[in-house]
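# Structure assessment
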Amino acid sequence: MARRGNSQAERQLAEDQDRIFRILIESVTDLIAIIEPDGTLRYVSPSHEHVLGHRPDDLVGKNAFDLVHPDDRDDLLLKFTRGIAAAESTDTGEFRYRCADGSWRAIEGIGRNLLGDSIVRGIVVTSRDVSERRRRELEVRLDLERRVEERTAEIANINERLRTSEQRYRELVETVHDVVYAIDPTGQFTYLSPAIYELTGYTPDELLGRHFSILVPEEERPEVFAQFELALADRMEPIEHRIATKSGTSRWVRSLARRIQRSDGAIELRGVASDVTDRRSADEKRREQQAELAHVQRMATMGQMAAELAHEINQPLGAIVNYADGLAVRMREGKFDTVELHAIAQRVADEARRAAAVLRRVRDFVGNRSPSLETCDINEIVSETAQVLETDARNRQVTLRLRLATPLPQMVLDRVQIRQVLVNLIRNAVEAVVASSPERRLVEVETVAIGTERVHITVRDSGVGLPQVADRIFEAFFTTKPGGLGMGLAISRSIVEAHHGQLWAEPNAAGGAIFHLELPVASRSRATGRSE
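Residues numbered from 1 in each chain as written. Predicted model: local features only at pLDDT ≥ 70, side-chain atom pairs only at ≥ 80, totals over all residues. Heavy atoms only, no water.

### As for the confidence of the model for the protein
For the protein, the mean per-residue pLDDT works out to 78, and 73% of the residues sit at or above 70. Of all helices and strands in the protein, the one with the weakest mean pLDDT is helix α17 (residues 524-528) (39), whereas strand β15 (residues 454-461) scores best (94). Predicted confidence is poor over residues 482-486, with pLDDT under 50, and the contacts of this stretch with residues over four places away or in other chains come to eight contacts. Throughout residues 523-532 the model reports pLDDT below 50, and contacts reaching past four residues in sequence, or to other chains, amount to 31 contacts. (pLDDT = per-residue confidence, 0-100. Helix = DSSP H or I, 4+ residues; strand = E, 2+ residues; numbered from the N terminus. Contact = heavy atoms within 4.5 Å.)

Shown next as structure tokens:
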């Protein structure tokens, strides 16, 4: 009788434990499943319906991998197969799982081989939905530069609180893909986030205590060292430069650092470096395509101006012929007045140089070459452009007037591309005033400095004015000219924006239109990120 009582108590205890176990399993939000070696689901916790929308009864008996995203399935199957082969083994993985409504959720799971357990006899997988966490990580990555700048500025004002927030700061930066770093005033790394490995192939431990120049190619060092000194003075601006990887290749980064005084009084630079290699490659390809399209447009412009250019070249050629004929007549008649002959020869040379200058301007304008930055005088570019278009304007009885402010700061830009923009604007203005009476056929080009940072160029005409859909004139293929390509203003705006400038238009109160071109007086590194 005692043994029978003990057996009933043991059964009751086992039933109570089983009930408690089931209550616990049904209460947790984690996804729990038991999978047979062939992948069949033998048990599915109720939380699957709450998280994924699948009722447990609908999943039991089905293959666990049928609902795994195709791109993740092979890797997950490999881990599963490896886990089956190793008793009591544990493995983790992350994959996408299809919900009942057809959407996908990011799942992080850990599987344990309990095939040898007499009760379980399967692979126990415990998973959780990490979709929200992945979404937050993406937001952190996209918003990192802004937040790091705000964060570093905040740190400068909370020296005493820095010690208590250090661990939280580390947890933040070590989850993002951009590299967060700290450098002491001697240039040695004092901190590097784990993302440095993905960027360079170096682990943080391999770089800590070493000078940052180990990551800077020789040709980049003058610029980077100069920015390091500016950062120590807390005057650094974001820069883009190449860094050397452990494998010997190079990548482009955008870096910004701020001077921080720690609670112990020590100074260090803290900053963030973002990998912009893919963006730089895309920008370079876009610049090449833009340059090619711009070259085609310049050729089209010269084709339209062929008659005017022929006339401008024929003038000096005709003068050369006349002077040469006169020289030949004098020589036949035996009139060898040395002074007179010298004067005629000089006129021949002057006219030849005049023709050569015309051809040189055309050659420089239509030449097909890669974008190239150089230090330029913007007034000189405006004057050269006016010379190219002067014959066309004169033949159309249009007055072309220049009002150039002096002195203007030297600018770093692509001379040919900016000249192309001016040709488009001035030639459009000349064509716009042709329909006006002769006394109103005026095009004015004005330059003026805006402080020390920008130069403003205005092209003003008294022509027909802007179309009713004025906001579309900078769109590609939009034109109001019969037979026009509609690319001139679109190309012009893209060129100006590549120079970090602005191009816009507005009606002229006196009739006609005013086009405004504003360019920054920028350093070579700021104009395009770097000169190459």
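Okay, back to it.
### Points about the pattern of salt bridges
Under the defined criterion, the tally for this structure stands at 27 salt bridges. Measuring nitrogen to oxygen at the nearest pair gives 2.2 Å for the salt bridge that ties Arg279 to Glu240. One end of the pair, Arg279, is in helix α11 (residues 277-304); the other, Glu240, is in strand β8 (residues 239-244), with 39 residues separating them in the sequence. Under the relative-accessibility criterion, Arg279 is labelled partly exposed at 35%. Its relative accessible area of 9% is what places Glu240 among the buried residues. Here Arg454 and Glu518 are joined by a salt bridge, their closest N and O atoms 2.8 Å apart. (Salt bridge = Lys/Arg side-chain N within 4 Å of Asp/Glu carboxyl O. Buried < 20%, exposed > 50% of the residue type's maximum accessible area, 1.4 Å probe, protein only.)

### So, the sheet that holds β8
Note: strands within a sheet are paired through backbone hydrogen bonds, in either parallel or antiparallel orientation. Judged by pairing direction, the sheet is antiparallel, and its five strands sit side by side in the order β7-β6-β10-β9-β8 without closing on themselves. Each edge of the open sheet is held by one strand with a lone partner, namely β7 (189-192) and β8. The average undirected angle you get between the axes of adjacent strands in this sheet is 35°. Here five bridges tie strand β6 (residues 179-183) to strand β10 (residues 267-275), and the two strands are oriented antiparallel to one another. Counterpart to Val179 in the pairing with β10 is Ala273. (Pairing = 2+ DSSP bridges. Axes fitted to C-alpha atoms, helices over the stretch in contact; angles between N-to-C directions.)

### Side note on the pairing of strand β14 (residues 442-450)
One ladder, built from six bridges, connects strand β12 (residues 399-404) with β14; its direction is parallel. Across the sheet, residue Arg401 finds its bridge partner in β14, namely Glu444.

### Topic: empty space enclosed by the protein
Under the counting rule described, the total for this entry stands at four cavities of 30 Å³ or more. Space inside the largest cavity adds up to approximately 460 Å³. Lining the largest cavity are 32 residues, and of these Ile35, Leu76, Phe95, Val125 and Ser127 sit closest to its centre. The set of elements that each furnish at least two residues to the lining of the largest cavity consists of β1 (31-35), β2 (41-44), α2 (47-52), α4 (70-85), β3 (90-98), β4 (104-114) and β5 (122-129). Among the elements that take part in the lining of the largest cavity, β4 stands out by supplying six residues, more than any other. (1 Å grid on protein atoms, 1.4 Å probe; cavity = no way out; pocket = protein on both sides within 12 Å on 5 of 7 lines; lining within 4 Å. Points joined across faces, edges and corners; volume = space filled by probe spheres on them.)

### With respect to the packing of aromatic side chains
Considering all chains together, one arrives at four aromatic pairs under this definition. A centroid spacing of 6.2 Å and a plane angle of 65° characterise the contact between Phe95 and Tyr97, whose relative ring orientation is edge-to-face. Look at Phe95 and you get buried, because its relative accessible area is 11%. Consider the rings of Phe212 and Phe228, whose centres lie 5.0 Å apart with planes at 45°: the pair is tilted. Within this pair, whereas Phe212 is found in the loop between α9 (204-207) and α10 (221-232), its partner Phe228 is found in helix α10, the two being separated by 16 residues in sequence. Judged by relative accessible area, Phe228 falls into the buried class, the value being 11%. An aromatic cluster of three or more residues is present, and its members are Phe212, Phe225 and Phe228. (Phe/Tyr/Trp six-rings, centres within 6.5 Å; stacked < 30°, edge-to-face > 60°.)

### Considerations on the nonpolar core
Judged by nonpolar contacts, the single largest core of 36 residues is most densely connected at Ile378, Leu413, Ile418, Leu422, Val459, Phe515 and Leu517. Going through the elements one at a time, α14 (378-395), β13 (411-413), α15 (415-433), β14, β15, α16 (488-498) and β17 (513-520) are the ones with two or more residues in this core. Leaving out residues up to four positions away in the same chain, Leu413 has contacts with Ser372, Leu373, Glu374, Cys376, Ile378, Ile381, Ile418, His499 and Leu519. Core analysis: the second largest hydrophobic core is formed by 23 residues, Phe189, Leu192, Val216 and Ile239 among them. (Core = buried A, V, L, I, M, F, W, Y, C linked by side-chain atoms within 4.5 Å.)

### Considerations on the sheet that holds β4
With antiparallel pairing, five strands are arranged side by side in an open sheet as β2-β1-β5-β4-β3. Bordering the open sheet on either side are β2 and β3, each of which pairs with just one other strand. Put simply, the sheet's adjacent strands are angled 25° from each other on average, direction ignored. In this structure, β1 lies alongside β2, joined through three bridges in antiparallel fashion. In the sheet register, Ile35 faces β2, and the bridge partner there is Leu41. Across the face of the sheet, α4 comes into contact with β1, β3, β4 and β5 while running at roughly 150° to β3.

### A few points about the packing of α14 against α15
Here α14 crosses α15 at 40°, and the two axes come no closer than 9 Å. The angle between α14 and α15 places the two elements in the oblique class. Once α14 is placed against α15, the crossing between them reads as right-handed. Of the residues in α15, those in contact with Ile378, Glu380, Ile381, Val382, Glu384, Thr385, Leu389, Asp392 and Ala393 of α14 are Arg415, Ile418, Arg419, Leu422, Val423, Ile426, Arg427 and Val430. (Parallel < 35°, antiparallel > 145°, perpendicular 65-115°, else oblique. Left-handed = near helix turned anticlockwise from the far one by under 90°.)

### Digging into unusual backbone geometry
A cis amide bond links Thr406 to the next residue, Pro407, at an omega of -5°. Structurally, the position occupied by Pro407 is in the loop between β12 and β13. The phi angle at Asp234 is positive, at roughly 60°, despite the residue not being glycine. A relative accessible area of 43% means that Asp234 is categorised as partly exposed. Look at His500: it is not a glycine, yet its phi comes out positive at around 60°. Mapped onto the fold, His500 is located in the loop between α16 and β16 (502-507). Residue His500 is classed as partly exposed on the basis of its relative accessible area, which comes to 47%.

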